[in-house]
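# Per-entry structural report
This is what each chain is made of:
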Amino acid sequence: MPTFRTGFANSTLQRVLVIPFVILVLCLAGVIYWASHRSGESAGREFSREVLLSMVERVNQATERYLQGARVALQAVAPDPIFSPSENTFTTLQFDDDLDRLEQRMWVATGFFPTTNDYVYFAAADGRFVGVNRRPDRIELRLQERGGMPRNVYSVSGPGRRLGIVRTDNYDARSRPWFKNAVAKGQESWSAVYTDFTTLEPTFTLTKPVYANPGTTGDKALIGVAATDLSLKQLTDFFQSLTISRNGVAFIVERSGGVIATSTNEKLYRLQDKALVRLMAEQSESPLLRQAYANVMRWQQSGASFERPLSREFDGDEGKIQVGATLLRDPAGLEWITIVAVPRSDFIGNVASVLFESLAIGLVAVFMVLVLGFSLLQWVLRDIRKLTRAAQSIGQGEPLEPLNIQRGDEIGQLAKSFQEMERNLRTDKLTGVLNRESLISQIEFRQRSGVGQHALKFTLLFVDLDRFKQVNDEHGHDAGDKVLIEITRRLKAALRAYDDVARFGGDEFVVYLHGIDNQRSVDAVCEKLRTVVELPIDTGGGLTVQVGASIGVAKFPADGPDIDTLIKVADMRMFDAKKAGKAELQQTEP
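All values derive from a computational prediction rather than experimental measurement. (Residues numbered from 1 in each chain as written. Predicted model: local features only at pLDDT ≥ 70, side-chain atom pairs only at ≥ 80, totals over all residues. Heavy atoms only, no water.)

### What to know about the confidence of the model for the protein chain
Threshold: Per-residue confidence from the predictor is reported as pLDDT, a score between 0 and 100. Contact definition: two residues touch when any of their heavy atoms are within 4.5 Å.
Model confidence for the protein chain is summarised by a mean pLDDT of 80, while 76% of its residues fall at 70 or above. The low-confidence segment residues 1-18, where pLDDT is below 50, has seven contacts with residues more than four positions distant or belonging to other chains.

Printed below as a string of structure tokens:
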């Protein structure tokens, strides 16, 4: 023991470095704890507000995409008129109400979003009816040849392939509320929520009246009504798949208080004497849902606007509750309120507990400094070696592997700079998709990796936008850029996760379809891409434009052994398709 005291007393450097360092760490930990405790409440409030606003926006956007699927399905059955920017007029497409051809269109429509729009149908003004319903156990064709006849429900395996009659019923679509509502409004619209007579579930329907002479100023001749159903159960299943927080809740309500969808597990309706009784927000089993709805309604009555996401808080059963709310409007007439409510404790947890743990970790760290010092040195050198290899890869044009450097110092900033440099080299700045060189590099890598039984199969689609030059000439390059960005978003949304889109310059895109070389599948994808491209595009300021797409196809390895050959083949076929489209347009013009 005396020897230890003498050694420690003679170790001036040890006393100067270790003792002040320990005292400094303890003082610093105490100051941090005190400051964090004071600022924790304010920081928690601001953090939860920002997170809630972002969460409400994401929920609203996801719901809008869910509802947009119904509109896409109806577009496949009854397309809107085509806008001609040069003449500033709309050209109405001739609607063919032949039931057999409508059935084929409905197979396509129900195939876009089969888990959402599984039932698409058309009711003619003369009483005829055709509908394709993709049930979980079978696919049904519901067919009524003319008014007054019974409706036959067939089990089918494809367009025109009927396996047998499932049932026959007496049905007149013209007497249904959704049909009357569509005729009364005279435009695409949503019905009120009603009970589906087959599933006995609450359902609402998107309807679109079809007229023989929509451009006339007098009475329009009604051909019929195209429609598709969305079940509230489907929308609720979608909401229950969302990750809100440990105790949070997200829901959509009508202004009347009827719950449209909720992330809770309660049922949205009950059957009473075969009548549908809707769940009202104030009757919910969730106290948090009831309290959030009551406060949102109170804020609305006091003049709060929900046109943009609004975040406020109130005192609830679980302490401070942060609420985000915004109005969800749909062009077809929906007007709902999206609400997300989360206890603030879900965001910040037990602040005091976390701070005590941090203080304890700091004390332990004092005694581990010497051991960790060497490890820290190796860690720094390891990250520097990664950056050296990354610099060599960029210099040689090779793909940059993930650096996995998560640091806040200069080395971390340098790693972010390398990754940003990689993104700038590999992607198109305007649209954010792959550029030409990056797509070719990725395909060549897959070709090298796919050998033997795992030989690569893929198809390239060369997509050239029609009438895009008119948009630039007539409305300016800003409008053209918005069109390119929107077309890119639509192409990506229409493809699978393992397919790719690349911009080759101007208004040309190349689509990579992984593992697809079947002509029928390729044709289906091409038709789907043309459909989404041809939808009207809002460029802002009340201006809506519309472009088309000419698509050339090249398959690997049938059409060429290398990427350059495949691109040339797809480009030539695209050019042929564009010429054929122009010739067809000239023949149809008066």
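### Here's the deal with the packing of helix α12 (residues 468-475) against helix α13 (residues 477-494)
Using the following cut-off: Axis definition: a line fitted to C-alpha atoms, over the contacting stretch in the case of helices. Angles run 0 to 180 degrees between N-to-C directions. In this text, helices come from DSSP runs of H or I with a minimum length of four residues, and strands from runs of E with a minimum of two, each type numbered from the N-terminal end. Gly is put with the polar residues, along with every residue not named as nonpolar or charged; the nonpolar set is Ala, Val, Leu, Ile, Met, Phe, Trp, Tyr, Cys and Pro, and the charged set is Asp, Glu, Lys and Arg.
Where α12 meets α13, the axes come as close as 7 Å, and the angle between the chain directions of the two elements is 145°. In this structure, α12 contributes Phe468, Val471, Asn472 and His475 to the contact, and α13 contributes His477, Ala479, Gly480, Val483 and Leu484. The class makeup of the residues in the contact of α12 with α13 is five nonpolar, four polar and no charged.

### Details of the nonpolar core
The following threshold applies: For the purposes of this section, nonpolar cores are sets of buried Ala, Val, Leu, Ile, Met, Phe, Trp, Tyr and Cys residues that join through side-chain atoms within 4.5 Å. Only protein chains enter the accessibility calculation, which uses a 1.4 Å probe; a residue is then buried when its area is under 20% of its type maximum, exposed when over 50%, and partly exposed in between.
Counting residues in hydrophobic clusters, the biggest one holds 77 residues, and the most contacted among them are Phe122, Trp190, Val296, Val323, Trp336, Ile339 and Val340. With 12 residues, the top contributor of residues to this core is helix α2 (residues 12-77). Apart from the residues within four sequence positions on either side, Val340 is in contact with Leu52, Met55, Val56, Val59, Ile244, Val249, Ala250, Gln322, Val323 and Gly324. Judged by nonpolar contacts, the second largest core, of 29 residues, contains Val483, Leu484, Leu495 and Val525.

### Brief notes about the pattern of salt bridges
Applicable threshold: We define a salt bridge as a side-chain nitrogen of Lys or Arg found within 4 Å of a carboxyl oxygen belonging to Asp or Glu.
Counted according to the given criterion, the structure contains 31 salt bridges. The partner of Arg446 in a salt bridge is Asp500, with the nearest N and O atoms 3.9 Å apart. Of the two residues, Arg446 sits in helix α11 (residues 436-449) while Asp500 sits in strand β21 (residues 500-505), which places them 54 residues apart along the sequence. Relative accessible area serves as the criterion here: at 18%, Asp500 is assigned to the buried category. Residues joined in a network through salt bridges with shared partners are Arg135, Asp137, Arg138, Glu140, Arg142, Arg151, Arg167 and Asp169.

### Structural notes on α11
Rules: In this analysis, the expected span of each helix is defined as 1.5 Å times one less than the number of residues it contains.
For α11, spanning 14 residues, the distance from its first C-alpha to its last is 20 Å, which sits close to the expected 20 Å at 1.5 Å a residue. Every buried residue of α11 is listed here: Ser438, Leu439, Ile440, Ile443 and Gln447.

### So, the sheet that holds strand β25 (residues 548-556)
Defined as follows: Here, strands pair whenever DSSP counts at least two bridges between them.
Taken in spatial order, the five strands line up as β19-β21-β22-β20-β25 in an open sheet, and their pairing is mixed. Two strands in the sheet have a free side with no partner beyond their single neighbour: β19 (434-435) and β25. In this structure, β21 lies alongside strand β22 (residues 508-514), joined through five bridges in antiparallel fashion. Across the sheet, Ala502 pairs through a bridge with Val510, a residue of β22. The strands touched by helix α14 (residues 519-533) within the sheet are β20 (458-466), β22 and β25, with β25 carrying the most contacts at an inclination of about 155°.

### Quick word on the pairing of strand β11 (residues 222-231)
The buried count for β11 comes to nine of 10 residues, which makes it a mostly enclosed element. Relative to β11, strand β3 (residues 119-124) runs antiparallel, the two sharing five bridges. Bridged to Ala124 within β11 is Gly224. With nine bridges connecting them, strand β10 (residues 202-211) and β11 associate as antiparallel partners. Paired with Tyr211 across the two strands is Leu222, which belongs to β11.

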